[in-house]
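Residue-level listing of the chains:
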Amino acid sequence: MKRALITGITGQDGSYLTELLLSKGYEVHGIIRRSSSFNTGRLDKVYQDPHDPARRLFLYYGDLADSSSIAHVVQQAEPDEVYHLGAQSHVKVSFEIPEYTGDVTGLGTVRVLEAVRRAKHPIRFYNAASSEMYGKAVEIPQTEKTPFHPRSPYAAAKVYSYYMTMNYREAYGIFACNGILFNHESPRRGETFVTRKVARGVARIKAGKDKFLYLGNLKAKRDWGYAPDYMDAVWRMLQQKEPDDYVVATGENHSVQDFVEEAFSYAGLDWKKHVKIDPKYFRPAEVDELLGDAGKARKKLGWKPTIGFKELVHLMVASELELEGVA
């Protein structure tokens, strides 16, 4: 039975990857941060009785800012594969806490890589890179060869994380892969991310709880995919004969306004009557357009997305309408 260790297991991606790995017969270990409130809600579907001798999901307290806890968990779990998804991942917030973002998102990767390097047995390592690394992109679409131009502390930390992963692969022969994942969404997306914020706002307006939804830059264009599809691509990366870096994207982008229009239309609402622009939601440095070319992943990994843009928007809004009792 293969063992996998996931950082960021309580997040959107971590929960979907956990379900995928368990379905493939893995024993899954995950690192969670200590919190005064429960933060494992996304794992409720697969959570198992800790006293069940047949259980295959194990959680440990740890923190990407604490190298000793990371090393301890890697030693305890003895994984065959490590999926490093954990980070301070909110772009707008990274401008407000740049030092913390650099520590957790950038140096946190090095702490995990060091634990992998010092392990007694070979471990395959995946690092979650980001399309935000392209920032002020010099070409459209972006590929694995497109130069990076980060436009936020988060993106800059991810660039450092990317190159350190590459460095450990070349310097120490570690099977280490970077997945340059473009925006990927689902009903499990964090509430502060724009897609979930829009879907939730539509449902609250439909339910009569709110009248307006306040947003920032509606012109920004993103390549939006479905998170479970992207976790399938991530798993495929670590099953290859040789480590490599891959762009994971749909090859189709839409503006935030496109997302808003589709979301409100699905709920039978006129977005122009409910959406207001608030300057506080604009970034100090905007990323205007991201569009990924996943040709390499399609060819080498045999991967392709299964859900398109409209279906994704409808899926997210339908979930929120159901939660509000107005489906």
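Just above, that's the structure.
The paragraphs below set out a description of the structure included in this document.

Parameters at a glance
- Along every chain, residues carry numbers that run from 1 in the direction the sequence is written.
- It should be noted that, the model being predicted, local features are given only for residues of pLDDT at least 70 and side-chain atom pairs only at 80 or more, the latter also being counted only at that level, while totals for whole chains, interfaces and linings use all residues.
- To get the side-chain values, take all heavy atoms of the structure and skip hydrogens and water.
- Secondary structure counts use DSSP, requiring at least four H or I residues in a row for a helix and at least two E residues in a row for a strand, with both numbered from the N terminus.
- The quantity called the radius of gyration is restricted to C-alpha atoms. Its globule counterpart is 2.2 Å times the number of residues to the power 0.38.
- A simple rule labels every residue: compare its accessible area, found with a 1.4 Å probe on the protein chains alone, to the largest value its type can have, and call it buried under 20%, exposed over 50%, or partly exposed in between.
- Should any heavy atoms of two residues lie within 4.5 Å, those residues are counted as being in contact.
- Asp and Glu are treated as the negative residues and Lys and Arg as the positive ones, with His and the ends of the chain left uncounted.
- In this description, the location of a charge corresponds to atom NZ of lysine, CZ of arginine, CG of aspartate or CD of glutamate.
- One less than the residue count of a helix, multiplied by 1.5 Å, gives the span that helix is expected to have.
- The arc in question is traced by the directions running from the helix axis to the C-beta atoms.
- Each polar contact in these results corresponds to two N or O atoms within 3.5 Å; when the atoms are within protein, one needs to be able to donate a hydrogen and the other to accept it, and residues that are neighboring in sequence are counted only if both atoms are side-chain atoms.
- At least two bridges found by DSSP between two strands is the condition for calling them paired.
- Axis definition: a line fit to C-alpha positions, over the contact stretch in the case of helices; interaxial angles, taken between N-to-C directions, run 0 to 180 degrees.

Counting its regular elements, the protein contains 10 helices and 13 strands. In terms of overall dimensions, the protein is globule-like: its C-alpha atoms have a radius of gyration of 20 Å, near the 20 Å expected for 327 residues. Looking at the protein as a whole, 54% of its 327 residues are labelled buried. Considering only contacts in the protein between residues 6 or more positions apart, those separated by 24 or more positions represent 79%. The average position of the 45 basic charges and that of the 42 acidic charges among the side chains of the protein differ by 1 Å.

Right, let's talk about helix α10 (residues 309–323) for a bit. Given a rise of 1.5 Å per residue, 15 residues ought to cover 21 Å, and the 22 Å separating the end C-alpha atoms of α10 matches this to within 8%. Inspection of α10 places F309, L312, V313, M316, V317, E320 and L321 among the buried residues, and these make up the whole buried set. Along the axis of α10, the buried residues cluster in a sector spanning 165°; they form a single face. Each element contacted by the buried residues of α10 is listed here: β7 (184–185), α6 (194–206), β10 (225–226), β12 (254–255) and α8 (256–266). Note on α10: the residue one or two positions beyond its end, G325, has a positive phi of about 75°.

Turning our eyes to something else, we now look at the side chain of D244. If you trace the backbone, D244 turns up in the loop between α7 (227–237) and β11 (246–248). A polar contact is formed between the side chain of D244 and the side chain of K296, at a distance of 3.0 Å. Beyond its immediate sequence surroundings of up to four residues, D244 is in contact with R169, A176, C177, N178, K296 and K300.

Here we take up the sheet that holds strand β3 (residues 57–61). Sheet strands pair by backbone hydrogen bonding; their relative direction is either parallel or antiparallel. Ordered in space as β3-β2-β1-β4-β5-β6-β11, the 7 strands form an open sheet in which the pairing is parallel. Strands with a single pairing partner mark the edges of an open sheet, and in this sheet they are β3 and β11. When strand polarity is set aside, the average angle formed by the axes of neighbouring strands in this sheet is 20°. Taken together, the 4 bridges between strand β4 (residues 81–84) and strand β5 (residues 124–130) define a ladder with parallel strand orientation. Bridged to Y83 within β5 is Y126. Against the sheet, helix α1 (residues 12–23) engages β1 (3–7), β2 (27–32), β3 and β4, with an angle of about 175° to β1.

Tracing the sequence through the fold places T165 in helix α5 (residues 153–172). Since its relative accessible area comes to 0%, T165 is described here as buried. Polar side-chain contacts of T165 include one of 3.0 Å to the backbone oxygen of S161.

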